[in-house]
Amino acid sequence: MLRLADVTMTFGGLTALQDFSMTARRGEITGIIGPNGAGKTTLFNIVSGIYTQTTGKVFLEERDISGMPPERLASLGMVRTFQNIELFGQLTVLENVMVGRHTRSNSGIFACAFKLPNHLREERQIREQALKWLEFAGIADLCQVTAANLPFGKGRLLEIARALALEPRLLLMDEPAAGLNSRETLELALLIKRIRDIGVTVVLVEHDMELVMDVCDAIVVLNLGCKLATGTPRQIQENPAVIAAYLGE
Amino acid sequence: MKREVVKFIIFAALVMLAPLPLKQSYLLNVLVFVGINTLLAVALNLLLGFAGQISLGHAAFFGMGAYLSGILTANFGLNPWLIIVLAAVTVGGLAFVLGFPILKLKGHYLAMATLGFGIIFYIVFNETIGLTGGPSGLPGIPNLAIGSLTFDNDLKNYYLIWGVTLLTILLCVNLAHSRIGRALRAIHDSEVAARVMGVNVRLLKVQIFALSAAISAVAGSLYAHTMTFISPTSFGFNFSVELVTMVIIGGLGSIYGSFLGAALLTLLPELLRAFRDYDIIAYGALLVFMTIFMPGGLVRGIPDLMLFLWSRLTGKRGGNAQTG
């Protein structure tokens, strides 16, 4: 589904990623872990089109997406969430998710201003779909709340619902458990598995090892901008190089 | 959506009935200008209130519409209605082209760039004396007419201008409650998240800039035909700032707020006549007061204030009442 080939990213003299390659298989949950400063967020920003890598290529289902802007990637079915949730604060919860339907609708300024019949039909569909995804994330009861007033944990769920409304093939989650309490993290784990079960490929960066070991089908370990190991959660847990990187020798 | 329809019908009815008690008074003349300013404020609000992009050069688009209509009808005798459409398309097209480089900028830099082109056009209006008449103005612009009906007095102009303004308000309210309106407000809150959701932020900003400019140009054309005389002072930097003030005072992102802001800023100088030479101080003080105590604009400030007063009057500690 997602493949990176020899991606290198340098910021001035600093090399954040060095000849990094990895694959995330379709229908699986792939976790990317690594100590702070390993290059995980840089990697995410490259894949999601926010940065452009210095060298190397990124493929989405064998299509070269290197250097594509985020809005193009969205229309190809790739979407991400952010570590410090990026909600549309002044919009309601429902409206936030409705923005997620942007690529799945196409009425222009003219059609919207004059309320052409196509636009009205589309608007109904947008609302129905948005409600469906709010229910999926379990926050449909909050749909009229202004997003800025949500507690952090609910904001996280909203961001996920908004991303799912796009009906992506690939969902990237940047530290989805950051800032959540243990009960919310458990619920999140269930939600991530349900997302996989509806056929969305998930790639996540995460610090919470318990969550990663619980949900991931495959794990990639990054350290100092290089790939340290890949494998199943069990293999990673037993890998001496990984243990050394995390605990120090 | 139903609520929006009711709101619009009430607003339109009030607007339509307002001239009845006024006859041909001076106030009616002022209300004509409230109509033009509302049209301009609504246009700027699309850009400033919804998409969150400032323009300190909107008076230039207003001026371009006015001069295109003025010059082509007064000097070349072309059909005024045709020219209004032509002005909207030309100015919208120009804004579209200008928008690509300018709207790449953010915050203060965007303010500077729009300020810059506003000033450039102000100079053009002043200096191309052969075309615009320069500082002494352009006289002899005909009134608009449909057949034998000539819009030559305040009452007729009131209905003409408010007709256009109401139509624009209706279209903008529709736009606000659509995927485009949501995408614009999304850009305002988080540009990166909007892009990730597939909103083509750059294109949408430019499109809305062009639409806003086109509406401003129509306002300019209507202004020229109503006044029959235009001069560059109406289209300078001060007026651009006044438009921004209308939108902010009224309430960012509220279409009816734009009307309140435009009405207040148009009527205020008239009301402050009592202060004579000190009117500018009273004017400034009021604006400062409003931005401090009604940061959400009149559209949110007035209901909050009424709730607060009501809770004081009834002696109840109103739960939701805020001084806003």
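What counts as what
- Residues numbered from 1 in each chain as written.
- Chains lettered and ligands numbered in written order.
- Predicted model: local features only at pLDDT ≥ 70, side-chain atom pairs only at ≥ 80, totals over all residues.
- Heavy atoms only, no water.
- Contact = heavy atoms within 4.5 Å.
- Buried area = accessible area lost by both parts, 1.4 Å probe.
- Salt bridge = Lys/Arg side-chain N within 4 Å of Asp/Glu carboxyl O.
- Helix = DSSP H or I, 4+ residues; strand = E, 2+ residues; numbered from the N terminus.
- Domains from an automatic or database assignment.
- Phe/Tyr/Trp six-rings, centres within 6.5 Å; stacked < 30°, edge-to-face > 60°.
- Buried < 20%, exposed > 50% of the residue type's maximum accessible area, 1.4 Å probe, protein only.
- Lys NZ or Arg CZ within 6 Å of the ring centre and 35° of its normal.
- Core = buried A, V, L, I, M, F, W, Y, C linked by side-chain atoms within 4.5 Å.
- Pairing = 2+ DSSP bridges.
- Patch = residues over 30% accessible without salt bridge, like charges linked within 9 Å, V, L, I, M, F, W, Y side chains within 5 Å.
- Areas by Shrake-Rupley, 256 points an atom, 1.4 Å probe, with all protein chains shown as cover.
- Axes fitted to C-alpha atoms, helices over the stretch in contact; angles between N-to-C directions.
- Left-handed = near helix turned anticlockwise from the far one by under 90°.
- Nonpolar A, V, L, I, M, F, W, Y, C, P; charged D, E, K, R; others polar.

(A) Up close: the interface of chain B and chain A. On the side of chain A, 36 residues touch chain B, which itself brings 26 residues to the contact. The contact between chain B and chain A buries some 2700 Å² in all, and 64% of this surface belongs to carbon and sulfur atoms. It is R179, R182 and M197 of chain B that lose the most area in chain B upon contact with chain A, and together they represent 30% of the buried surface on that side. Where chain B packs against chain A, one counts three salt bridges. With its nearest N and O atoms 2.9 Å apart, the salt bridge here joins R195 of chain B to E71 of chain A. Of all the elements in the fold, those that place two or more residues in the side of chain B that touches chain A are helix 7 (154-176), helix 8 (179-189), helix 9 (191-196) and helix 10 (201-227) of chain B. Residue contributions to the side of chain B that touches chain A peak at seven residues, all from helix 8 of chain B.

(B) Representation of the domain arrangement of chain A in the model. Residue and element names in this part refer to chain A. In terms of domains, chain A is made up of domain 1 (1-77 + 168-249) and domain 2 (88-166). Taking only C-alpha atoms, the centre of domain 1 and the centre of domain 2 are 27 Å apart. Facing 17 residues of domain 1, the contacting portion of domain 2 comprises twelve residues. Across the domain 1 to domain 2 interface the summed buried area is about 1200 Å²; carbon plus sulfur atoms make up 76%. Our enumeration of links across domain 1 and domain 2 arrives at zero salt bridges.

(C) Structural view of the packing of aromatic side chains. Inspection of the entire model under this criterion finds 23 aromatic pairs over all chains. Residues F117 of chain B and F121 of chain B carry aromatic rings whose centres are separated by 6.5 Å and whose planes lie at 80 degrees to one another, so their mutual orientation is edge-to-face. Placement of the pair is F117 of chain B and F121 of chain B together in helix 5 (residues 107-127), with a separation of four residues, close to one helical turn. Here F289 of chain B and F293 of chain B contribute two aromatic rings whose centre-to-centre distance is 4.8 Å and whose plane-to-plane angle is 40 degrees, an arrangement assigned as tilted. Of this pair, F289 of chain B and F293 of chain B both sit in helix 13 (residues 279-293), separated by four residues, roughly a single helical turn. On the basis of relative accessible area, F293 of chain B is assigned to the partly exposed category, the value being 44%. Clustering of aromatic rings is evident, with ring pairs tying together F33, F62, Y67, F125, Y223, F235 and F239 of chain B. Stacked on the ring of F88 of chain A, the Lys or Arg R162 of chain A has its end atom at 4.5 Å from the ring centre. The ring centre of F136 of chain A lies 4.5 Å from the NZ or CZ of R194 of chain A, which sits over that ring.

(D) Seen up close, the nonpolar core. Grouped together as the largest cluster of nonpolar side chains are 161 residues, with contacts concentrated most on L134, L158, I195 and L204 of chain A together with I230 of chain B. When residues of this core are assigned to domains, at least three map to each of domain 1 (1-77 + 168-249) and domain 2 (88-166) of chain A. Not counting residues up to four positions away in its chain, the partners in contact with I195 of chain A are F136, I160, L164, L171, V200 and V202 of chain A. Ranked by size, the runner-up nonpolar core spans 28 residues in total, among them L4, A24, M78 and L172 of chain A.

(E) Seen up close, the pattern of salt bridges. Residues and elements named next belong to chain A. Applying the stated criterion to the full structure yields 20 salt bridges over all chains. The partner of R169 in a salt bridge is E61, and the shortest N-O contact between them spans 2.1 Å. Within this pair, whereas R169 is found in the loop between helix 6 (152-165) and strand 7 (170-174), its partner E61 is found in the loop between strand 4 (55-60) and strand 5 (63-64), the two being separated by 108 residues in sequence. Assessed through its relative accessible area of 32%, R169 is described here as partly exposed. R101 is paired through a salt bridge with E167; the nearest N and O atoms lie 2.7 Å apart. Linking R101 in the loop between helix 3 (93-99) and helix 4 (109-113) with E167 in the loop between helix 6 and strand 7, this pair joins segments that are 66 residues apart in sequence. In this structure R101 comes out as buried when scored by relative accessible area, which is 9%.

(F) Representation of the pairing of strand 3 (residues 29-33) of chain A. Residue and element names in this part refer to chain A. By the criterion of burial, strand 3 is predominantly enclosed, with five of the five residues buried. Where burial is concerned, the two faces of strand 3 agree: the one with I29, G31 and I33 and the one with T30 and I32 are both buried. Summarising the sheet, strand 3 and strand 9 (residues 218-223) pair through four bridges and their orientation is parallel. In the sheet register, I32 faces strand 9, and the bridge partner there is V220.

(G) Region of interest: a nonpolar patch on the surface. Residue and element names in this part refer to chain B. A surface patch of nonpolar side chains, about 430 Å² in accessible area, is lined by M16, L17, L20, L155 and Y159. Where the nonpolar patch is concerned, the elements lending two or more residues are helix 1 (2-17) and helix 7. By secondary structure assignment, the location of Y159 is in helix 7.

(H) Layout of the pairing of strand 9 of chain A. Residue and element names in this part refer to chain A. Here strand 9 lies mainly inside the structure; five of its six residues are buried. Inspection of the sheet shows strand 9 paired to strand 10 (residues 226-231) by five bridges, in the antiparallel sense. The residue of strand 10 that forms the bridge with V221 is A229.

(I) Structural view of the packing of helix 4 (residues 80-102) of chain B against helix 10 of chain B. Residues and elements named next belong to chain B. The geometry of helix 4 relative to helix 10 is characterised by a closest axis approach of 7 Å and an angle of 150 degrees between their N-to-C directions. Every pair of crossing elements has a handedness; the one defined by helix 4 and helix 10 is right-handed. Split into classes, the residues belonging to the contact of helix 4 with helix 10 amount to 17 nonpolar, five polar and one charged.

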